[in-house]
Amino acid sequence: MRFFTVFDLLINHAKRKNISLDEMYAYFRQRDIKKTQIEELQNSAYIPSELQDSVLSFLNMTELEIALALGRIPEKYQNSFFENISRIAGLLSPDEEENISSVAPFFENEYGKLYNEDCIKVLNTLSSNCVDMVFADPPFNLGKTYDSGVDDNLTTSDYLNWTYQWIDECVRILKPGGRIFIYNIPKWCVYIAGHLSKQLTFWDWIAVDMKFSLPIQSRLYPAHYGLISFIKGTKANTFNNQRIPMQICRHCGGELKDYGGYKAKMNPAGVNVSDVWSDIYPVRHRNSKNRKYNELSVKLLDRVISMSTNPGDVIFDPFGGSGTTYAVAQMLKRRWIGTELGDCEIIKQRLLHPEKDVLQLQKVCEEKNHLFTDDALALRKKNGFWTCESVQRNDNEKPNNEQLTLNMILSGL
Ligand SMILES: C[S@@+](CC[C@H](N)C(=O)[O-])C[C@H]1O[C@@H](n2cnc3c(N)ncnc32)[C@H](O)[C@@H]1O
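This structure is a prediction, so every number in the text was calculated from the model and none was measured.

With respect to the domain arrangement of the chain
Size of an interface: often given as the accessible area lost when the parts come together.
Here comes step 1: On domain assignment, one finds that the chain holds domain 1 (6-91) and domain 2 (107-244 + 271-367).
Here comes step 2: Between the C-alpha centres of domain 1 and domain 2 the distance comes to 36 Å.

Here's the deal with the confidence of the model for the chain
Here comes step 1: Of the residues in the chain, 91% reach a pLDDT of 70 or more, and the chain-wide mean stands at 88.
Here comes step 2: With pLDDT under 50 throughout, residues 399-413 is counted as low confidence; its partners more than four residues away or in other chains account for 17 contacts.

A few points about helix H14 (residues 355-367)
Here comes step 1: End to end, H14 covers 19 Å across 13 residues, agreeing with the expected 18 Å (1.5 Å per residue, within 8%).
Here comes step 2: Among all positions in H14, only Asp357, Leu361 and Val364 are buried. When H14 is viewed along its axis, its buried side chains cluster within an angular range of 55° and face the same direction. Opposite the buried face of H14, by more than 90 degrees, sit the exposed residues Glu355, Leu359, Lys363 and Glu366.

Looking at unusual backbone geometry
Here comes step 1: A positive phi angle, close to 65°, is found at serine 218, a residue other than glycine.
Here comes step 2: Along the chain, the position of serine 218 falls in the loop between strand E5 (201-209) and strand E6 (224-231).
Here comes step 3: Classification of serine 218 by relative accessible area gives exposed; the value is 78%.
Here comes step 4: Notably, lysine 333 is not glycine yet its phi reads approximately 65°, a positive angle.
Here comes step 5: Relative accessible area serves as the criterion here: at 48%, lysine 333 is assigned to the partly exposed category.

Here's the deal with the pairing of strand E11 (residues 335-339)
Here comes step 1: Most of E11 sits inside the fold, with 4 of its 5 residues counted as buried.
Here comes step 2: Two strands pair when backbone bridges link them, and strand E2 (residues 112-115) and E11 are joined in this way by 4 bridges, in the parallel orientation. Looking across to E11, one finds that lysine 113 is bridged to isoleucine 337.
Here comes step 3: Bridge analysis of strand E10 (residues 314-317) against E11 gives 4 bridges, and the strand direction is parallel. Within E11, the residue paired with valine 314 across the bridge is arginine 335.

With respect to the packing of aromatic side chains
Here comes step 1: Per the counting criterion, the structure on display carries 16 aromatic pairs.
Here comes step 2: Taking the centre distance of 5.7 Å and the plane angle of 70° together, the rings of phenylalanine 372 and tryptophan 386 count as edge-to-face. Of the two residues, phenylalanine 372 sits in the loop between H14 and helix H15 (374-382) while tryptophan 386 sits in the loop between H15 and helix H16 (388-393), which places them 14 residues apart along the sequence. As far as burial versus exposure is concerned, phenylalanine 372 and tryptophan 386 are alike and both buried.
Here comes step 3: By way of ring pairs, the aromatic residues Tyr159, Trp162, Trp166, Trp188, Tyr191 and Phe319 are connected into one cluster.
Here comes step 4: Over the ring of tyrosine 25 we find lysine 35, and its NZ or CZ is 5.2 Å from the ring centre.
Here comes step 5: For the cation-ring pair, arginine 380 lies above tryptophan 386, with the distance from its terminal atom to the ring centre recorded as 4.9 Å.

The rules we used
- Residues numbered from 1 in each chain as written.
- Predicted model: local features only at pLDDT ≥ 70, side-chain atom pairs only at ≥ 80, totals over all residues.
- Heavy atoms only, no water.
- Domains from an automatic or database assignment.
- pLDDT = per-residue confidence, 0-100.
- Contact = heavy atoms within 4.5 Å.
- Helix = DSSP H or I, 4+ residues; strand = E, 2+ residues; numbered from the N terminus.
- Expected span 1.5 Å × (residues − 1).
- Buried < 20%, exposed > 50% of the residue type's maximum accessible area, 1.4 Å probe, protein only.
- Arc of directions from axis to C-beta.
- Pairing = 2+ DSSP bridges.
- Phe/Tyr/Trp six-rings, centres within 6.5 Å; stacked < 30°, edge-to-face > 60°.
- Lys NZ or Arg CZ within 6 Å of the ring centre and 35° of its normal.

Here is the structure:
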């Protein structure tokens, strides 16, 4: 499904009428419209009012035709649109389909297959409803350089069209009840969520706290990435609740949230993971990084995979990068299918020599399912804070029900 901007319509029209770009800009210049005003339409699916007449006359289209070309059906035409839908479909003919040939994997082992190919090419070879979960961490179109040479500085419409293309294929290969996770900056998550909502059921929008980002002028300081998640159908096949330690001050060990009288009811196995993840840290240290480009942490992938799949399930990640998804998947005994356009040798070596990942995953697992880690418990005891043991011993502190409810609301539990 393509996302068209007004600029796409202009270019498309110019091509069909053999009008050069210079001639097109000259047409608008005669009407006091600058080239930059036309170029700005690359990011817009709406025509600004001051350009309305000139754009309509250049395209030789009515307002209705333009709305349809941009994927909108104006309210007053909706009934008649649905009444005539089969006639409209009958007037359309498909573009020629590309020949789909199979591709050979770059590396495979008992858990998975890695392809050194464009993800869309690989997706085209996979059958429908064949994977239990999709995790995708695509380039964010922020002008970064990757060794794969992918253009990370596309126009809005080119980035979204490419995004919608691989997403639609991922949706096709996802099993009913399977779940897709897409990690991106909020600017793109908004479009991606809108697009996915047309085909799947919204499940979660997770804000992953992002440390050490750069401020942007005239905007709020960006402090999170979005991890959006949708289900194919209406019911998730798998949800394994994840519990993590309570957040405490690393200096004194005191809790960062006020759990008030509710502390006696805290589960010793930890607090339920919410949709704000503040305990995920970027992989920055040269020692822990597998390559010079961005990579996600073992902790993030462990949480996503453990929560949404079971051993033996199949996970697809179209943007391998350093291979974090595949490494964690197989340590957790899940199967995986992966693609990466750039250097796949890094991923292969990582999977062949998993010692560093095993240590990291061990550390992650040690911290899970406890209200306090061993270090936190020692610090709290030293500084006289309550522990699960101490509150169980002290029954005098039981709050009344009203106070309990208030405390639960205040602490967001
Ligand atoms: C943000 S990185 C993924 C990092 C990964 N999650 C990790 O933890 O290492 C995105 C990756 O997608 C790859 N890529 C970009 N376009 C691609 C395409 N069309 N097909 C396959 N890989 C692609 C890039 O080369 C880059 O390594």
